[in-house]
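# Secondary and tertiary structure notes
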Amino acid sequence: MVKLSFIDTTQLKTLTMLLQLAIIERLQQKYRCMSSKIYTIFEEVEFKVKLLAKYWNNFYTEITEHLPDTYQPEMQELSSKLEEALSKVVDGLRNPTLTLATTGTTSSGKSTLVNLLCGAEIVPVAVSEMSAGAVTIEYSKQKSLIIHETPGALWESGEWRDITEEQIYQRLYEAMISYIDNRAKQPNLASPQSTIFYPFRLLKESKLELPQGTRVRILDLPGLAYVGDEGNANVIKQCREALCIVTYNSAETDLQKVKSLLQEVVQQVKDLGGSPARMLFVLNRIDVFRADRNWPETENRFVENAIRSIKNELNEQLKEYTEEIENLQVVKLSTWPALLSLQIQTYDEIYSAEACKKADNNFNGLIEDILEDLPRKTQNWSRHDRNRVAEALWRKSYAEEFQHNLKEHITQHFPQLVIPQIIERFNLEAGNAITEWATQTTKAILNSSQERYEQECENILQIRLALERFLGISDTNLKEPFEKLDTKVKQVIAKQSEYDVIHCIKTMISDLQKGEPYHELGVKLSPFYLWEIEFKKGINQVLEAVAKSLETGRVDLDSPNLKRANLLNISLLSNNLNRLVNLGYTDDVAKEGKLMEARNEQDKNKLKQLNEELNELAIHLNIVIEDVLKQISAQELNRIHQAVSELFRCHLSYLEKEANKIAPSIAIRFPDSQLSQVNSKLTFSFRFRSGFAITKGTWKEEIQVAKKKRTWYTLWIGKKTIYEPAYETRSSDNAKLPSVEDLLTGWIIQAKEEESEIVNQISLWLLEQIDCLKKNVDKIQNDIIDRYQERLDKANQEITLDYEKQRNVWQPMQQKAQHLAEEFYRLEKTW
Amino acid sequence: MDWRKLLSPKKNVEEPRKIQLSDSSPPRQKVLKPVALYLVVPASEVGNLRENNQINVSDIEKLIDNSLYFLCTSLENADATQQHLQQHLELTTKIFITVSEQRELYIRININNGEEMIGKKVPYILKRNLPHDGQCIVKELACIRYLSVSGLEKFNRV
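Small disclaimer: the values here were computed from a predicted structure and weren't measured.

Moving on, we get to the overall build of chain B. Looking only at helices and strands, one finds 4 helices and 5 strands in chain B. Mapped from its N terminus to its C terminus, chain B presents α and β elements in the order α-β-α-β-α-β-α-β-β. Taken across its 158 residues, chain B has 34% of its residues classed as buried.

In structure tokens, the structure reads:
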């Protein structure tokens, strides 16, 4: 049975408007599916924002008819702010910045990839694996190079315009090699920072279909050892808004090295921060499998295994991104043959011939079927021959597939990186004020008659109380588990209890996530306790390398975490270990420890030397571990900040939803971008102590004392001189040489003691952040209600309404205001 | 340079050396006791492990490297530990293969000749003392409830 109901003309208009919007949206969705052009996504958003401005203008015109002139200044200000924000949105959408950051594991061909993206060999390949500083490549038709002035630079810095590819390469090479040669001598030497302006191939050839004004740049990031270098740190900061390409060396077969490569990948992903979803993983040097008899089976098996291993490693260390890691994009590629293919095809004969020679020398396997038809000397290859070789190299290096995948990756993630920020800024600058003004003003006018005004004032008072109560309870719910944690940690520090502080954190998260709305957060809060595992792993890795070096007598400090420490400190530690091994602190002595007593000067000196070296070991280890922990803590603090932001976002979204239920039509908004910002920086500090003591002791030396005795064999007649042992007290140096196990256990115990201090720092910092959030939320909420009260007062003073006018004009106007607000909110959610 | 020769005291009558480094008598073949090694590891590390299957030493080393908690006891003490774990450990499901990667798994491995691993508190030492000739069998495998810490009090946290 059909149920009929009647609607008035205003409702009809509204319905028509909504219908139109729904149709536009469907068409846009269809359009988006049909076309993967990035610029259309940006254009659609621009269209939507302009449509919102149009809705506001219509609303403005309509409401002006019924409002006194006194409302004009406020409305005009809103309009001009909207106009300003709109022009910023348009500018942002038409001229966004696309940053592609490349990073990679040792010998993964990262710089060759950069050259492939550029279409020319401009970034030095041989030295770049050694982490010689970040290179930024900006798209520009004019080629130029800037090597920025950095502290202590021993290389030439300056700007060179209209420079050739070869010159760019050479200048960068000289700067990098000079840095590498000198950094061990000058620990504070900053790495070279360079910017290349170049018409790179990525933009010219890959048909990205970006908005016309897009600024594109490639950041060639340094590898792992960028410790303490501010220049590099600044470049890495820019990567928060970058799409990243992470290269992995497929040619590595040594299991131990594969393991450390995987760890490097994860370290780099963590350094880049944020979700791994925006990272494209490249299994580079994939051509190595073509030499196998069972190719392509071996290649496929490797790809499958590598993807699984990368995902597992990431999953283990970035638990908060489990879902994103599942959908990780991994592609195969051989950067060098792909680049040679491009070089062979250039019209520069010498350049092309050189590339032919390199292809012939290094990638014989990829072109062997063609080589049979070609002259032995590469200089004699015709253009046709070269094109055949280039085509085979391109195909067999999977360059085309890589290019396609990169384009898809950019299409999928670039708008997501840029557009939400643009919309957020638009709402902060104009959108939120407009929605608030429209909903509050219409509501105020509907309540402007004296009788309703008084009632509404009372209502506002009630709302204030209810909101205050609600916000108070919500704050307590959020804060309570953290306060409990704080109390427990303080008890542990005061040695009043022996709680395991990490267990306390886990319990705190579990308690918090039992209730609404935090249960939705799933594993997003895990960084609150996962830092500890990373710290311990870092410490264990360093200790293990040291222990193995001592026990085997072969000093090897080549583990991923140690690569992150300052080179000079590592070499000091390494020298110290070598000295200890030479003094005999190796093998069984290192394994089991030993009680030592030195009785003569030579022994005492030896013991003194050993003692000094072991004490020095403590000092060097301290420095290296601090270095490693500094690196780890930078990553872990990022994750903790991210987790707090997630927590606050969830908290604020719940507050907003519930506050609007308590106070409908007041347009309460708690913008995360303003409020979930973590204010102060959390930092960790560490200090370890170690060493062993030599105690001054005494020992009794056996001496032979001559005595005259009568002996039975002289028949008690004659006295014979005999020697009896006697003991004389002498001073000695005693020491218990610790075993490696003792050393390791000591460090681990110290690390555990440090833990309570760190948890204390975290809990205090979190409580401070929650207090700060509460204060800001209260202020925003009070300001919103104060503004509503002002608008109500004004309406009461300036508007006189009869019942009919109120019903016919202002009720539909209020509905329109609400629809207007909904449209603004919708932009954020469904752009 | 043989440092031991240089530093070895002549004859200490006050305190005997605890470690006879220069002991030249051939080491007696000591029969080492079997042990139970308990580990808590992320699910992603477990791979194809199954209960009652053998596990090789290099896989155990990998598990130790990635473990979050560990404990090694003699088999005689294992019963008490087992009882404590059964009472307190909060497990979710036995079908851990379907469990998402973020979960932590509890594993018990029985190791023949593992006596020198007992009570070790440092992962490196635990790995170093793994017997290379011992038979290792996965005795138990279960999934721990997310964020649950009960039952793990006596474990060494990595």
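From this point, the discussion proceeds with the structure in view.
On to helix H5 (residues 165-183) of chain A, then. Residue and element names in this part refer to chain A. With 19 residues, H5 ought to run about 27 Å at 1.5 Å a step, and its terminal C-alpha atoms sit 27 Å apart, in line with that. Those residues of H5 that sit buried are Ile 168, Tyr 169, Arg 171, Leu 172, Ala 175, Met 176, Tyr 179 and Arg 183. In this structure, the buried side of H5 is in contact with strand E2 (135-139), strand E3 (144-147), strand E4 (158-161), strand E5 (194-198) and helix H20 (567-582).

Here the focus is the environment of B:Asn56. If you trace the backbone, B:Asn56 turns up in the loop between strand E1 (35-42) and helix H2 (57-65). The spacing of B:Asn56 and B:Asp133 is 77 residues in sequence and 9.9 Å in space, taken between C-alpha atoms.

With an omega dihedral of 5°, the bond running from A:Trp295 to A:Pro296 counts as a cis peptide bond. Relative to the assigned elements, A:Pro296 resides in the loop between strand E8 (279-284) and helix H9 (297-317). Omega for the peptide link from A:Glu516 to A:Pro517 comes to -5°, which places this bond in the cis form. Turning to its location among the elements, A:Pro517 is positioned in the loop between helix H17 (501-512) and helix H18 (527-552). A positive phi angle, close to 60°, is found at B:Asn113, a residue other than glycine. With respect to the helices, strands and loops of the structure, B:Asn113 is situated in the loop between strand E3 (104-111) and helix H4 (123-128). Given 19 C-beta atoms within 10 Å, B:Asn113 falls into the partly exposed group. Even without a glycine there, the phi angle at B:Leu147 is positive, about 70°. Looking at the secondary structure, you find B:Leu147 in the loop between strand E4 (136-144) and strand E5 (156-157). With 20 C-beta atoms packed within 10 Å, B:Leu147 lands in the buried category.

All names here are of chain A. Following both chains from N to C, one finds helix H15 (residues 399-446) and helix H24 (residues 740-798) inclined at 45°, their axes separated by 8 Å at the closest point. One element, H15, and the other, H24, form an angle in the oblique class. Note on packing geometry: the crossing formed by H15 with H24 is right-handed. Only Ile 784, Arg 787, Tyr 788, Arg 791, Leu 792 and Ala 795 of H24 make contact with H15, whose side of the interface consists of Glu 436, Gln 440, Thr 441, Ala 444 and Ile 445. When the residues that make up the contact of H15 with H24 are grouped by side-chain class, the tally is 6 nonpolar, 2 polar and 3 charged.

Before going further, it helps to examine the domain arrangement of chain A. Residues and elements named next belong to chain A. Structurally, chain A comprises domain 1 (9-94 + 414-448 + 799-830), domain 2 (97-340), domain 3 (449-644 + 680-692 + 738-798) and domain 4 (694-737). Counting from both sides, the interface comprises 8 residues of domain 1 and, opposite them, 10 residues of domain 2. Of all elements in the fold, only helix H2 (38-64), helix H3 (72-94) and H15 reach the threshold of two or more residues within the side of domain 1 that touches domain 2. Considering every element that reaches the side of domain 1 that touches domain 2, the biggest residue donor is H2, with 3 residues. Residues belonging to the side of domain 1 that touches domain 2 are distributed by class as follows: 6 nonpolar, no polar and 2 charged.

Turning to the sheet that holds strand E7 (residues 243-249) of chain A, a few remarks are in order. Residue and element names in this part refer to chain A. Sheet architecture is open: 9 strands sit in the order E4-E3-E5-E2-E6-E1-E7-E8-E9, paired in mixed fashion. Two strands lie at the open edges of the sheet, namely E4 and strand E9 (329-332), each paired on one side alone. On average, each strand axis in the sheet is inclined to that of its neighbour by 20°, with strand direction left out of account. Here 6 bridges tie strand E1 (residues 97-104) to strand E6 (residues 215-220), and the two strands are oriented parallel to one another. The residue of E6 that forms the bridge with Leu 98 is Val 216. Sheet strands in contact with helix H4 (residues 110-118) are E1, E2, E5, E6, E7 and E8, and its direction is about 150° off that of E1.

Let us look at helix H16 (residues 450-493) of chain A. All names here are of chain A. Taking 1.5 Å as the rise per residue, H16 with 44 residues should run 64 Å; its terminal C-alpha atoms sit 62 Å apart, in good agreement. Considering bend angle alone, the principal kink of H16 is centred on Lys 479 and spans about 35°; proline Pro 481 follows within four residues of it. Of all the residues in H16, the buried ones are Glu 456, Ile 463, Leu 467, Ser 474, Leu 478, Pro 481, Phe 482, Leu 485, Asp 486, Lys 488, Val 489 and Val 492. Against the buried residues of H16 lie H17, helix H22 (601-662) and H24. Directly after H16, the chain includes Lys 495, whose backbone phi takes a positive value near 60°.

Quick look at the pairing of E3(A) now. Residue and element names in this part refer to chain A. Only one face of E3 is buried: it carries Leu 145 and Ile 147, and the other face, with Ser 144 and Ile 146, is open. Bridging between E3 and E4 involves 4 bridges; their strand directions are antiparallel. What sits directly across from Leu 145, in E4, is Trp 160. Judged from the 4 bridges that link them, E3 and E5 form a sheet pairing that is antiparallel. Across the sheet, Ser 144 pairs through a bridge with Phe 197, a residue of E5.

Now for the sheet that holds E3(B). Residues and elements named next belong to chain B. Taken in spatial order, the 5 strands of this open sheet run E4-E3-E1-E2-E5, and their pairing is antiparallel. The open sheet terminates on both sides in strands that have one partner only, identified here as E4 and E5. Where E3 lies against E4, 8 bridges are found, and the strand directions are antiparallel. In the strand pairing of E4, Arg 108 is matched with Glu 140. Most of the contacts of helix H3 (residues 75-88) go to strand E2 (residues 69-74), to which it runs at about 130°, and overall it touches E1 and E2.

What follows covers the nonpolar core. All names here are of chain A. Among the nonpolar cores identified, the biggest contains 235 residues, and Val 282, Leu 393, Ile 505 and Leu 744 are the most heavily contacted of them. When residues of this core are assigned to their parent elements, the largest contribution, 19 residues, is made by H22. The contact partners of Ile 505, leaving out residues within four places of it in the chain, are Leu 485, Phe 528, Tyr 529 and Val 759.

Looking now at the packing of H18(A) against H20(A). All names here are of chain A. One can describe the packing of H18 onto H20 by two numbers: an axis separation of 9 Å at closest approach and a directional angle of 30°. The orientation of H18 relative to H20 falls into the category roughly parallel. The hand of the H18/H20 crossing is right-handed. Residue-level contacts link Val 546, Ser 549 and Leu 550 of H18 to Leu 577, Leu 580 and Val 581 of H20. Of the residues belonging to the contact of H18 with H20, the class tally is 5 nonpolar, 1 polar and no charged.

Quick look at the environment of A:Gln491 now. All names here are of chain A. Mapped onto the fold, Gln 491 is located in helix H16. A residue is classified by how many C-beta atoms lie within 10 Å of it, and Gln 491, with 16 of them, is partly exposed. Counting along the chain gives 265 residues from Gln 491 to Ser 756, while the straight-line C-alpha distance between them is 9.9 Å. Sequence-distant contacts of Gln 491, defined by excluding residues within four places in its chain, comprise Gln 496, Ser 497 and Tyr 499.

Procedures and definitions
- Residues numbered from 1 in each chain as written.
- Chains lettered and ligands numbered in written order.
- Predicted model: local features only at pLDDT ≥ 70, side-chain atom pairs only at ≥ 80, totals over all residues.
- Helix = DSSP H or I, 4+ residues; strand = E, 2+ residues; numbered from the N terminus.
- Buried ≥ 20, exposed ≤ 12 C-beta atoms within 10 Å, placed from the backbone.
- Expected span 1.5 Å × (residues − 1).
- Contact = placed C-beta atoms within 7 Å.
- Axes fitted to C-alpha atoms, helices over the stretch in contact; angles between N-to-C directions.
- Parallel < 35°, antiparallel > 145°, perpendicular 65-115°, else oblique.
- Left-handed = near helix turned anticlockwise from the far one by under 90°.
- Nonpolar A, V, L, I, M, F, W, Y, C, P; charged D, E, K, R; others polar.
- Domains from an automatic or database assignment.
- Pairing = 2+ DSSP bridges.
- Bend = angle between axes of the 7 residues up to and from the residue.
- Core = buried A, V, L, I, M, F, W, Y, C linked by C-beta atoms within 7 Å.

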